[in-house]
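One letter stands for each residue in the lines below.
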Amino acid sequence: MRSFSRPLLLGALIGLSALATTVQADEPLKLGVDIPFEPFEYRLPDGTLAGFEVELGEEVCRRIQRQCEWVEQSWDGIIPGLMARKYDAIMSSMAITEERRQQVLFSEPYYSNPSVWVTLRDQQIDPDDRDSLEGLTVGVQRGTIRDRFITDTYGDIMEVRRYATAEDLALDVKTGRLDSAFMYYPLALANLQVDEADSEVVVSSELIREPKSYFGHGVAVAFRPRDKELAEQFNQALAEIKEDGTYDELMHKYVDYDIKI
């Protein structure tokens, strides 16, 4: 049987380790994303991906010299998909919360967006008047922080209906099958045009960012806890993107309000 001296064996193992790291770095960086989520990630008519986070992610990959590969995953399975190694990170408008910090490693936050209540124009409600909400229906996207907030805060007085996609939720708001919905503000803009004067659906609350125990501390990229080096590469690239003006250019391309954090 062929044998190796301990120093030679150790050297070989170190060399193989370095080679494995190099190969891994040369492979596409897979980013998990829930599509569509306008204006942050969505498909153009020709099928290509677009959106603020898509362009931001591509710019990060360019700066860390990796090729991006976007992997679609429904939201309710997006963290399990990360843990199952279907992709290397989640870049899909994931808010930092304490509950999620127990499962994933977050980058520094790169944007913040509010949530809102929406209703048909002739059915506006007051979320602060709990008595007036008794028996009403409210829709949320399943598995989101808005789902948890509504369930915990209003689930005892309202019927909560959960939807797999923002499009399905928006459709039931428009057709009056819901009394109200609690949505991410960008999705209300994209799917219900709540900012347009003639929109049949309107915002029925202030822009909501609190409490942070539900709505988090901004949106960040999520990694497996062991991938600290990759997270730091993202942090460095995101900081450069903010400092050199690239972030502002992308932000103003997709939204008319300030989301920078």
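For the structure, see preceding data.
Remember, predicted model here, so these are calculated numbers, not experimental data.

Definitions and cut-offs
- Residues numbered from 1 in each chain as written.
- Predicted model: local features only at pLDDT ≥ 70, side-chain atom pairs only at ≥ 80, totals over all residues.
- Heavy atoms only, no water.
- Helix = DSSP H or I, 4+ residues; strand = E, 2+ residues; numbered from the N terminus.
- Buried < 20%, exposed > 50% of the residue type's maximum accessible area, 1.4 Å probe, protein only.
- Contact = heavy atoms within 4.5 Å.
- Areas by Shrake-Rupley, 256 points an atom, 1.4 Å probe, with all protein chains shown as cover.
- Lys, Arg positive; Asp, Glu negative; His and termini not counted.
- Charge placed at Lys NZ, Arg CZ, Asp CG, Glu CD.
- Pairing = 2+ DSSP bridges.
- Axes fitted to C-alpha atoms, helices over the stretch in contact; angles between N-to-C directions.
- Core = buried A, V, L, I, M, F, W, Y, C linked by side-chain atoms within 4.5 Å.
- Disulfide = S-S within 2.5 Å.
- Salt bridge = Lys/Arg side-chain N within 4 Å of Asp/Glu carboxyl O.

### A look at the overall build of the chain
Across its full length, the chain carries 11 helices and 12 strands. Here the C-alpha coordinates of the chain stretch approximately 80 × 40 × 30 Å along the principal axes. The proportion of buried residues among the 261 residues of the chain is 49%. Sequence-distant contacts in the chain: of pairs separated by 6 or more residues, those separated by 24 or more amount to 68%. Split by element, the accessible area of the chain, about 13,500 Å² in all, is 49% carbon and sulfur. Averaging the positions of the 28 positive and the 47 negative side-chain charges in the chain gives two centres separated by 9 Å.

### Re the sheet that holds strand β6 (residues 105-106)
Taken in spatial order, the 5 strands make up an open sheet running β4-β1-β5-β12-β6, and their pairing is mixed. The open sheet terminates on both sides in strands that have one partner only, identified here as β4 (68-72) and β6. Alignment of strand β1 (residues 29-33) against strand β5 (residues 89-95), held across 2 bridges, turns out to be parallel. Bridged to L31 within β5 is A89. Each of β1, β5, β6 and β12 (219-223) is contacted by helix α10 (residues 228-243), which is oriented at about 150° to β12, the strand it contacts most.

### A look at the nonpolar core
In terms of nonpolar packing, the biggest core is built from 54 residues, with L31, F52, L56, Y111, V118 and F234 touching the most fellow members. In terms of residue count, the dominant contributor to this core is α10 (6 residues). Apart from the residues within four sequence positions on either side, V118 is in contact with V173, S180, A181, M183, A188, L192, V194, V201, V202, V203 and S204. Grouped together as the second largest cluster of nonpolar side chains are 17 residues, V140, F149, Y154 and F182 included.

### With respect to the state of the cysteines
Counting across every chain of the model gives 1 disulfide. Two residues share a disulfide in this structure: C61 and C68, whose sulfurs sit 2.1 Å from each other. Disulfide C61 to C68: torsion about the S-S bond roughly 80°, handedness right-handed. Overall, C68 belongs to the buried group, its relative accessible area being 11%.

### So, the pattern of salt bridges
In this structure the tally under the stated criterion is 16 salt bridges. Across the salt bridge formed by R162 and D147, the nearest N and O atoms sit 2.9 Å from each other. Residue R162 is located in strand β9 (residues 159-163), and its partner D147 is located in helix α6 (residues 145-154); the two are separated by 15 residues in the primary sequence. Note on D147: relative accessible area 9%, which makes it buried.

### Some words on the pairing of β12
Side chains on a regular strand alternate between the two faces of the sheet. Of all 5 residues in β12, 5 are buried; the element is thus mostly enclosed. Taken together, the 4 bridges between β5 and β12 define a ladder with antiparallel strand orientation. What sits directly across from I90, in β12, is A222. Where β6 lies against β12, 2 bridges are found, and the strand directions are antiparallel. Residue pairing in the sheet places F106 in a bridge with A222 of β12.

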